[in-house]
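One-letter residues, chain by chain:
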Amino acid sequence: MIDNPIKKKLGQFVTPEKYARFMATEVLPYWDKEKPHVRIVDPGTGDGQLSLFFLQEAFNRGLLQAGRDVELYICDIDNDLLTVAQDRLRKWIDVNHVENSVTLKACHMDFILDYPIMKWKNFFDIVIINPPYRRLYQRNKHRKHMTMFGMESDNLYSEFLDVSRMYLRQQGCIISLTPRSFLNGTYFINFRKRFFSQMSISRIRLFTSRYIFPGVLQEIIVMVSVKNMSIPLISVHQQESLENDSDQICFFVSQDDAVDKQDGSIRLIPSRAFIPRHAVPLGEIQDIEMHTGKVVQFRDLKPAEIIKKPRPGAIPFLLTEHLTSGELVEWPKNSPKKGNYVVHDALPPSKLLFGSVFILVARFSATEQEHRIRAGILTNKKPDRPIAFDNKLNVIQIKNGNVDLARRLIKQLQSKQTDEIIRMLIGSTQVNLNDLRKIPIIL
């Protein structure tokens, strides 16, 4: 990680050497050896490490011999870093005597705010990228700029991928090192629909360690995607890290099976190996309704309105602290940290649910948690009394009050097989409603 506070603010993270070398070996099979003129761009190049190992690997494979015309564009918002990268790469070019085949072009620029560069549209053959990682809020200037082009996004790294897509020629490829979070979830739906309308994943490497980049608690992926080219099968490799591949899983998944037609999320699951043919997604079971808890505490309640003991008219309030290690929800708790109830009339009717049987699933889990899904069954002996559910819970309501169905569902939700599936579906410890809906269930 770059120590300078300005770099932290910009979301810049140095590509570890081992991962830079790995990315070079992954993308070079997509280099068109018959094409004499190749254009490559490294957006957010930093100190040039990614480009350096790319050139070294291309040189080792004889791709920089005389007669080649390779243009390498390095881009960065930080002119000092760009100068370091430029000097480093020029020295390598001189030492290896490839100055007649490799042309280096340094671009001091903001890759997002300088979009569009018209001459770069459909211009590059290869994009190699470890983009900045930073959440973009509504008023952020980068987000507002991309909104003008219909390319608004929630994170800087997805905006870098979007612009890279626009600058890539037909059948060109992007190799990217990014968090896995864009593959699913509601935040990136519009980005996924744009990106994968043109780009097909060819290869993807999932790293389950959440500590590859200090300060970024995310699972990381290296992805090779190709523009406007039909690729029937995605090659998937999963392992903890490049330093530890003892638990490596390798399989293929078809593009049709991988891309969810509703929200564009990418499901990298070897379906035949994990999912029985007669299983149905949880969200398609007719006898249930699924909700995210409707009560956002800081917005909907005052601290004094959350109480530990019942009062006349008090409404049950369910939180993650009521989930235990067993099958049943522990409510009310004898000594809750937060509370068991909300006072009468503290919440409008739209924030409340009625019913007799619910399954509660925590939306957030700890990294060290044995199973990603933590859940419990709540039986309500007074179904005409409303219940409030905290926003940190997912709520599965059993419409017909069938406790047996609830028990069968929770047994599968907390199974080892479901844990393997959910960890391949999502790359964070957050389990949202859309993720739950896709879990296969055997009725």
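These figures come from a predicted structure and were not determined experimentally. (Residues numbered from 1 in each chain as written. Predicted model: local features only at pLDDT ≥ 70, side-chain atom pairs only at ≥ 80, totals over all residues. Heavy atoms only, no water.)

Caption draft 1: Expanded view of the overall build of the protein. Within the protein, the regular secondary structure consists of 13 helices and 20 strands. Seen through its principal axes, the protein has C-alpha atoms that stretch 85 × 45 × 35 Å. The buried share of the protein, taken over its 443 residues, is 56%. Looking at the protein as shown, the accessible area adds up to about 20500 Å², and 51% of this sits on carbon and sulfur atoms. (Helix = DSSP H or I, 4+ residues; strand = E, 2+ residues; numbered from the N terminus. Buried < 20%, exposed > 50% of the residue type's maximum accessible area, 1.4 Å probe, protein only. Areas by Shrake-Rupley, 256 points an atom, 1.4 Å probe, with all protein chains shown as cover.)

Caption draft 2: Here's a closer look at the pairing of strand 7 (residues 220-227). Across the eight residues of strand 7, eight count as buried, placing the element largely inside the fold. A two-sided burial pattern is seen for strand 7, the buried positions comprising Ile220, Val222, Val224 and Val226 on one face and Ile221, Met223, Ser225 and Lys227 on the other. Strand direction decides the pairing type here: strand 5 (residues 168-179) and strand 7, joined by seven bridges, are antiparallel. For threonine 178, the partnering residue across the bridge sits in strand 7 and is isoleucine 221. (Pairing = 2+ DSSP bridges.)

Caption draft 3: Highlighting a negative patch on the surface. Taken together, the side chains of Glu240, Glu243, Asp245 and Asp247 define an acidic patch exposed on the protein surface. Turning to its location among the elements, glutamate 240 is positioned in the loop between strand 8 (233-239) and strand 9 (249-254). By relative accessible area, glutamate 240 is classed as partly exposed at 32%. (Patch = residues over 30% accessible without salt bridge, like charges linked within 9 Å, V, L, I, M, F, W, Y side chains within 5 Å. Salt bridge = Lys/Arg side-chain N within 4 Å of Asp/Glu carboxyl O. Lys, Arg positive; Asp, Glu negative; His and termini not counted. Charge placed at Lys NZ, Arg CZ, Asp CG, Glu CD.)

Caption draft 4: Quick peek at the confidence of the model for the protein. Across the protein, pLDDT averages 88, with 92% of residues at or above 70. No element of the protein has a lower mean pLDDT than helix 1 (residues 5-10), at 43, and none a higher one than strand 13 (residues 315-318), at 97. Between residues 1-11, whose pLDDT stays under 50, and residues either more than four places distant or in other chains, the model counts 21 contacts. (pLDDT = per-residue confidence, 0-100. Contact = heavy atoms within 4.5 Å.)

Caption draft 5: Seen up close, the sheet that holds strand 19 (residues 393-398). Within the open sheet, the four strands sit side by side as 11-19-16-17. Their pairing is antiparallel. The two strands at the open ends of the sheet, each matched to only one other strand, are strand 11 (288-292) and strand 17 (375-379). The average undirected angle you get between the axes of adjacent strands in this sheet is 20 degrees. Sheet analysis places strand 11 next to strand 19, joined by five bridges and oriented antiparallel. (Axes fitted to C-alpha atoms, helices over the stretch in contact; angles between N-to-C directions.)

Caption draft 6: Inspection of the packing of aromatic side chains at higher detail. Evaluation of the coordinates by the stated rule reveals 22 aromatic pairs. Measuring from centroid to centroid gives 5.8 Å for phenylalanine 59 and tryptophan 92, while their planes differ by 85 degrees, and the two rings are edge-to-face. Here the residue phenylalanine 59 occupies a position in helix 3 (residues 49-60), and tryptophan 92 occupies one in helix 4 (residues 79-95), the gap between them amounting to 33 residues. By relative accessible area, which is 9% here, tryptophan 92 ends up buried. (Phe/Tyr/Trp six-rings, centres within 6.5 Å; stacked < 30°, edge-to-face > 60°.)

Caption draft 7: Representation of the environment of aspartate 87 within the structure. Examined against the element boundaries, aspartate 87 turns out to sit in helix 4. For aspartate 87, a relative accessible area of 49% translates into the label partly exposed.

Caption draft 8: Summary view of the pairing of strand 6 (residues 199-207). With eight of nine residues buried, strand 6 lies mostly within the body of the structure. As judged from the eight bridges shared by strand 6 and strand 7, these two strands associate in the antiparallel manner. Opposite serine 200, over in strand 7, you have valine 226 as the bridge partner. Examined bridge by bridge, strand 6 and strand 8 share five bridges and lie parallel to one another. Its bridge partner being in strand 8, isoleucine 204 is matched across the sheet by valine 236.

Caption draft 9: Structural detail: the nonpolar core. One finds Trp120, Ile204, Leu282 and Ile359 to be the most contacted residues of the largest nonpolar core, which totals 71 residues. If you tally residues by element for this core, the top one is helix 6 (residues 156-167), at seven residues. Excluding anything up to four places from it in sequence, isoleucine 359 contacts Ala375, Gly376, Ile377, Asn394, Val395, Ile396, Ile398, Ala406, Leu409, Ile410 and Leu413. With 40 residues, the next largest nonpolar core counts Tyr19, Ala20, Met23 and Ile126 among its residues. (Core = buried A, V, L, I, M, F, W, Y, C linked by side-chain atoms within 4.5 Å.)

Caption draft 10: Fine view of the sheet that holds strand 5. Overall, mixed pairing links the nine strands, which are arranged 3-2-1-4-5-7-6-8-9 in an open sheet. Edge positions in the sheet fall to strand 3 (102-108) and strand 9, since each has one partner strand and no second. For this sheet the average axis-to-axis angle between neighbouring strands, irrespective of direction, equals 15 degrees. Bridge count between strand 1 (residues 37-43) and strand 2 (residues 69-76): seven bridges; the pairing is parallel.

Caption draft 11: A look at the side chain of aspartate 154. Looking at the secondary structure, you find aspartate 154 in the loop between helix 5 (141-147) and helix 6. Within the local environment of aspartate 154, its side chain forms a polar contact with the side chain of arginine 143, the two groups lying 3.4 Å apart. (Polar contact = N/O pair within 3.5 Å; in protein donor to acceptor, adjacent residues only side chain to side chain.)

Caption draft 12: Quick look at unusual backbone geometry. Of note, the bond from tyrosine 115 into proline 116 is cis; its omega dihedral lies within 30 degrees of zero at 0 degrees. Omega for the bond connecting tryptophan 331 with proline 332 falls within 30 degrees of zero, at -10 degrees, which places this linkage in the cis form. When you line up the elements, proline 332 lands in the loop between strand 13 and strand 14 (341-342). With phi around 55 degrees, histidine 97 is a residue other than glycine that occupies positive phi space. Position of histidine 97 relative to the elements: it lies in the loop between helix 4 and strand 3.

Caption draft 13: Layout of the state of the cysteines. Evaluation of the coordinates by the stated rule reveals zero disulfides. In this structure cysteine 75 is a free cysteine whose sulfur lies 4.4 Å from that of cysteine 107, the closest cysteine sulfur available. (Disulfide = S-S within 2.5 Å.)

Caption draft 14: Fine view of the pattern of salt bridges. As enumerated under the stated definition, the model contains 17 salt bridges in all. The closest approach of N and O atoms between glutamate 26 and arginine 203, which form a salt bridge, is 3.2 Å. Here glutamate 26 is found in helix 2 (residues 17-27), whereas its partner arginine 203 is found in strand 6, with 177 residues between them in sequence. For glutamate 26, a relative accessible area of 10% corresponds to the buried category. Notably, a salt bridge pairs lysine 35 with aspartate 125, separated by 2.5 Å at the nearest N-O pair. Residue lysine 35 is found in the loop between helix 2 and strand 1, and its partner aspartate 125 is found in strand 4 (residues 124-129); the two are separated by 90 residues along the sequence. By relative accessible area, lysine 35 is classed as partly exposed at 25%.

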